[in-house]
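# Descriptive analysis of the structure
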Amino acid sequence: LAVSQDGVPLVLHLPNAIHARGKKSLFQSLSQFGKNVTLKRGQGADSKKRDKEDSYKVVSGQLAGNIKLVSTWHGVGHTHEPPVISGDVIKSGKQFSLATQLVSDLELLNTRLNALLQYLDPAQFLAMERFAEALRQKFPHIKAWSAIDGLLWEGRSLQFNRQTPLHPDSTDPPNCWVALVALGEFTKGQLFIPRLNLRLWYEPGTIILLRGHILPHEVEEFFGGQRVSIAHFTHESLWKALGLNLP
């Protein structure tokens, strides 16, 4: 656990947090999903930032690209409009079925991440619970989605073979925790946080929670086989739309 000079938690690092059988099962589920959907590289609002096309390691026989499974969010520049489920979830009937199966496979991971947040930051955990309930009450599609997805963060970015460049999570609330998970068959690829001059072991099975809005971070070069990471996030625009604050 890394803390500020006045004792405020900033980073929680848990190498080997997922045991061997769990790592294998999650990696298989993510790989199967990635093989059956269209992954994107260098597209969308992040195409010149964290999701630049050259941030992906394209290797024969491996997946490279990203896809976002988000229960609800605002389109870029459309925060005045009602939020919607991400297009990557509902692109087609087949893709919706694949996405719901994957989310179901992630259930134990979701439970662990929620529990880690409760341990690390009880006040933020309670705020996230209130936020999730407010979303369910206001938007029927989230109420339906929550029947299979108990994750408190509304967003997941699945990244296949991406060496994410230095960036802050600028669309998240300032104090928010982002939860990062690494899986696969690669080695190296540490997570570097320049503001803290901190390098973290970030090989398969690692879970990291950090305040990504105020701590820009990047993934360093990795080697070997397939790499998959999941970034779990919440967007500040939704909190503002509901009139809620994240402590």
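Values in this document were obtained by computation on a predicted structure and should not be read as measured data.

### Looking at the overall build of the protein
A count of helical and extended segments in the protein gives seven helices and ten strands. Here the C-alpha radius of gyration of the protein, 17 Å, is about what a compact globule of 247 residues would show, namely 18 Å. Dimensions along the principal axes, computed over C-alpha positions, put the protein at roughly 50 × 45 × 35 Å. In the protein, which comprises 247 residues, the share counted as buried stands at 51%. Looking at the protein alone, contacts between residues at least 24 apart form 77% of all its contacts between residues at least 6 apart. Just so you have it, the protein exposes about 11700 Å², and 52% of that area is on carbon and sulfur atoms.

### Quick notes on the sheet that holds strand β9 (residues 218-219)
In sheet architecture, strand pairing relies on hydrogen bonds along the backbone and comes in two forms, parallel and antiparallel. If you trace the three strands from one edge of the open sheet to the other, you get β7-β6-β9, paired in antiparallel fashion. In this open sheet, the two strands that pair with only one neighbour each are β7 (198-200) and β9. Bridge count for strand β6 (residues 191-193) against β7 is three bridges, and the pairing is antiparallel. For L191, the partnering residue across the bridge sits in β7 and is L200.

### Overview of the sheet that holds strand β1 (residues 2-3)
With antiparallel pairing, seven strands are arranged side by side in an open sheet as β1-β2-β8-β5-β10-β4-β3. For this open sheet the edge positions go to β1 and β3 (65-70), each flanked by a neighbour on one side alone. Here two bridges tie β1 to strand β2 (residues 9-14), and the two strands are oriented antiparallel to one another. Looking across to β2, one finds that A2 is bridged to V11. The strands touched by helix α3 (residues 93-105) within the sheet are β3 and β4 (155-160), with β3 carrying the most contacts at an inclination of about 80°. The sheet contacts of helix α4 (residues 107-120) involve β2, β4, β5 (178-188), β8 (207-210) and β10 (222-233), and relative to β8 the element is tilted by about 40°.

### Let's talk about the pattern of salt bridges
One pass over the full model with this rule turns up five salt bridges. Put simply, R211 and D121 hold a salt bridge, and the shortest N to O gap is 3.6 Å. One end of the pair, R211, is in the loop between β8 and β9; the other, D121, is in the loop between α4 and α5 (122-138), and 90 residues separate them in sequence.

### Description of unusual backbone geometry
Of note, N16 is a non-glycine position whose phi angle comes to about 55°, a positive value. Assignment of secondary structure puts N16 in the loop between β2 and α1 (20-35). Take N16: its relative accessible area is 51%, and that puts it in the exposed class. Positive phi is not limited to glycine here, since K188 has a value of about 65°. Structurally, K188 can be placed in strand β5.

### With respect to α5
The terminal C-alpha atoms of α5 lie 24 Å apart, and with 17 residues this matches the ideal 24 Å at 1.5 Å per residue to within 8%. Residues of α5 that are buried: Q124, F125, A127, M128, F131, A132 and L135. One side of α5 carries all its buried residues, which in axial view fall inside an arc of 160°. Opposite the buried face of α5, by more than 90 degrees, sit the exposed residues R130 and Q137. The inward-facing, buried residues of α5 contact α4, α6 (140-145) and α7 (236-242).

### Brief notes about the nonpolar core
If you look at the biggest cluster of nonpolar residues, it comprises 50 residues, and the most contacted ones within it are F33, L69, L109, L113, L158, I207 and L209. The element that contributes the greatest number of residues to this core is α5, accounting for six residues. Core analysis: the next-biggest nonpolar cluster, separate from the first, contains 16 residues, L10, A182, L200 and A231 among them.

What counts and how
- Residues numbered from 1 in each chain as written.
- Predicted model: local features only at pLDDT ≥ 70, side-chain atom pairs only at ≥ 80, totals over all residues.
- Heavy atoms only, no water.
- Helix = DSSP H or I, 4+ residues; strand = E, 2+ residues; numbered from the N terminus.
- Rg over C-alpha atoms; globule rule 2.2 N^0.38 Å.
- Buried < 20%, exposed > 50% of the residue type's maximum accessible area, 1.4 Å probe, protein only.
- Contact = heavy atoms within 4.5 Å.
- Areas by Shrake-Rupley, 256 points an atom, 1.4 Å probe, with all protein chains shown as cover.
- Pairing = 2+ DSSP bridges.
- Axes fitted to C-alpha atoms, helices over the stretch in contact; angles between N-to-C directions.
- Salt bridge = Lys/Arg side-chain N within 4 Å of Asp/Glu carboxyl O.
- Expected span 1.5 Å × (residues − 1).
- Arc of directions from axis to C-beta.
- Core = buried A, V, L, I, M, F, W, Y, C linked by side-chain atoms within 4.5 Å.

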